[in-house]
Amino acid sequence: MGRRPRIGGEDEVPGTNPRSGRQETEEERADRQWGDLLQELRVAQTGVQILFGFLLAVVFQPRFSDLSTVDRNIYVVTVMLGSATAAALIGPVSYHRLLTGRRMKPQTVIWASRLTRLGLGLPFGTMCSALLLILRVALHNLVALWLVGGMALWFLACWFVFPLWAIARDNRRPGDGGEGPDPEEPGPRP
C-alpha cells in the first residue's frame, strides 16, 4: 500500500480532515458543524428579530401617514427584505427538525449552511433600506444617500471583504500544499 501525501509536515491519517487536522468521522464533523452553525444563527437571528419587530411597528405610528410615496415604497421593500431575512435564518432550524432521525445530518448541514449564507446576505439590503428610510425622514436631503452609501461599504467590508481577504491570505500561506477548503465545511468560499 502506498503512503498518503504529507500535509504540513505530518502524515495524513485516514479519517482526518486535511484542512482542519481533526480526526472525525463524517457524522462527527456534521455534528460539530451543526453546533457551530447554531451558534452563528443565534447571533444573526437576534439582530434580525429586533430589526424586523421595529419595522412591523413603524406602520402603526401616527407619522407613518405623513410619509411620501417614495418613503412608503422604501418601507415596503424594507419589510419584505426583513421577512426574507427572517425566513432564511429560521429555515435551517426547520430543515434540521424535519430531517432529524433520517440519518441525513451531513446533507442537512450543507443545505442549512447554504440557507444561512443567503440569510446573512439579506440583512445587507434590509439594513441599507431601513437606514435609507430613517435618514430620508430625518435629513430630508441627499446627504441621506451618501451616508447610506458609506454605511453600505462598511457592511460589505465587515461581512464579506474582510473574511474573503482572510481566506485569500490563508490560501497563499507557504507549505499549504495547494489544498483548498474542505468541500463539506459550511464556511464561505472565495
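Residues numbered from 1 in each chain as written. Predicted model: local features only at pLDDT ≥ 70, side-chain atom pairs only at ≥ 80, totals over all residues. Heavy atoms only, no water.

Turning our eyes to something else, we now look at the pattern of salt bridges. Applying the stated criterion across every chain yields a total of four salt bridges. Of the charged contacts in the structure, one is a salt bridge between R136 and D71, with a shortest N-O distance of 2.4 Å. Separated by 65 residues along the polypeptide, R136 in helix α3 (residues 105-139) and D71 in helix α2 (residues 69-99) bring together distant segments of the chain. Here the residues in one salt-bridge network are E24, R32 and D36, joined through shared partners. (Salt bridge = Lys/Arg side-chain N within 4 Å of Asp/Glu carboxyl O. Helix = DSSP H or I, 4+ residues; strand = E, 2+ residues; numbered from the N terminus.)

On average, residues of the protein score 81 in pLDDT, and 80% of them reach the 70 mark or higher. Within the protein, helix α4 (residues 143-171) carries the highest mean pLDDT (93), whereas strand β1 (residues 6-7) carries the lowest (42). (pLDDT = per-residue confidence, 0-100.)

With that out of the way, let us pick up α3. Taking 1.5 Å of rise per residue, 35 residues should cover 51 Å, and α3 covers 50 Å from first to last C-alpha, within 8% of that figure. One or two residues past the end of α3 sits H140, with phi positive at roughly 55 degrees. (Expected span 1.5 Å × (residues − 1).)

This paragraph deals with the environment of L120. In this structure, L120 sits in helix α3. Classification of L120 as partly exposed rests on a relative accessible area of 38%. Linking L120 and V48, residues 72 residues apart in sequence, is a C-alpha distance of 9.8 Å. (Buried < 20%, exposed > 50% of the residue type's maximum accessible area, 1.4 Å probe, protein only.)

Counting 16 residues, the largest nonpolar core has F64, Y75, V79, C128 and V148 as the members making the most contacts within it. For this core, the secondary-structure elements that each account for two or more residues are α1 (26-58), α2, α3 and α4. Residues contacting V79, with those up to four places away along its chain left out, are F52, L55 and L56. By size, the runner-up hydrophobic cluster in this structure holds 10 residues, among which are A30, L41, L89 and V109. (Core = buried A, V, L, I, M, F, W, Y, C linked by side-chain atoms within 4.5 Å. Contact = heavy atoms within 4.5 Å.)

A few words now on the packing of α1 against α2. Packing of α1 against α2 leaves a shortest axis separation of 9 Å and a crossing angle of 150 degrees. By the angle between their directions, the pair α1 and α2 is classed as roughly antiparallel. Read as a crossing pair, α1 and α2 show a hand that is left-handed. Counting all contacts with α1, which are made through W34, L41, A44, Q45, V48, F52, L55, L56 and V58, the residues of α2 involved are Y75, T78, V79, G82, S83, T85, A86, L89, I90, P92, V93 and H96. (Axes fitted to C-alpha atoms, helices over the stretch in contact; angles between N-to-C directions. Parallel < 35°, antiparallel > 145°, perpendicular 65-115°, else oblique. Left-handed = near helix turned anticlockwise from the far one by under 90°.)

Okay, the packing of aromatic side chains next. For the coordinates displayed, the defined rule picks out three aromatic pairs. Ring centres 5.1 Å apart and planes at 70 degrees place the aromatic pair F64 and Y75 in the edge-to-face group. Taken together, the positions of F64 in the loop between α1 and α2 and Y75 in helix α2 put the pair 11 residues apart, joining distant regions of the chain. Note on Y75: relative accessible area 7%, which makes it buried. Ring centres of W154 and F162 lie 6.3 Å apart, and the angle between their planes is 80 degrees; this geometry places the pair in the edge-to-face category. Since its relative accessible area comes to 48%, W154 is described here as partly exposed. We classify F162 as partly exposed; its relative accessible area is 43%. Across from the ring centre of W111, 4.7 Å away, lies the NZ or CZ of R114, which sits over that ring. (Phe/Tyr/Trp six-rings, centres within 6.5 Å; stacked < 30°, edge-to-face > 60°. Lys NZ or Arg CZ within 6 Å of the ring centre and 35° of its normal.)

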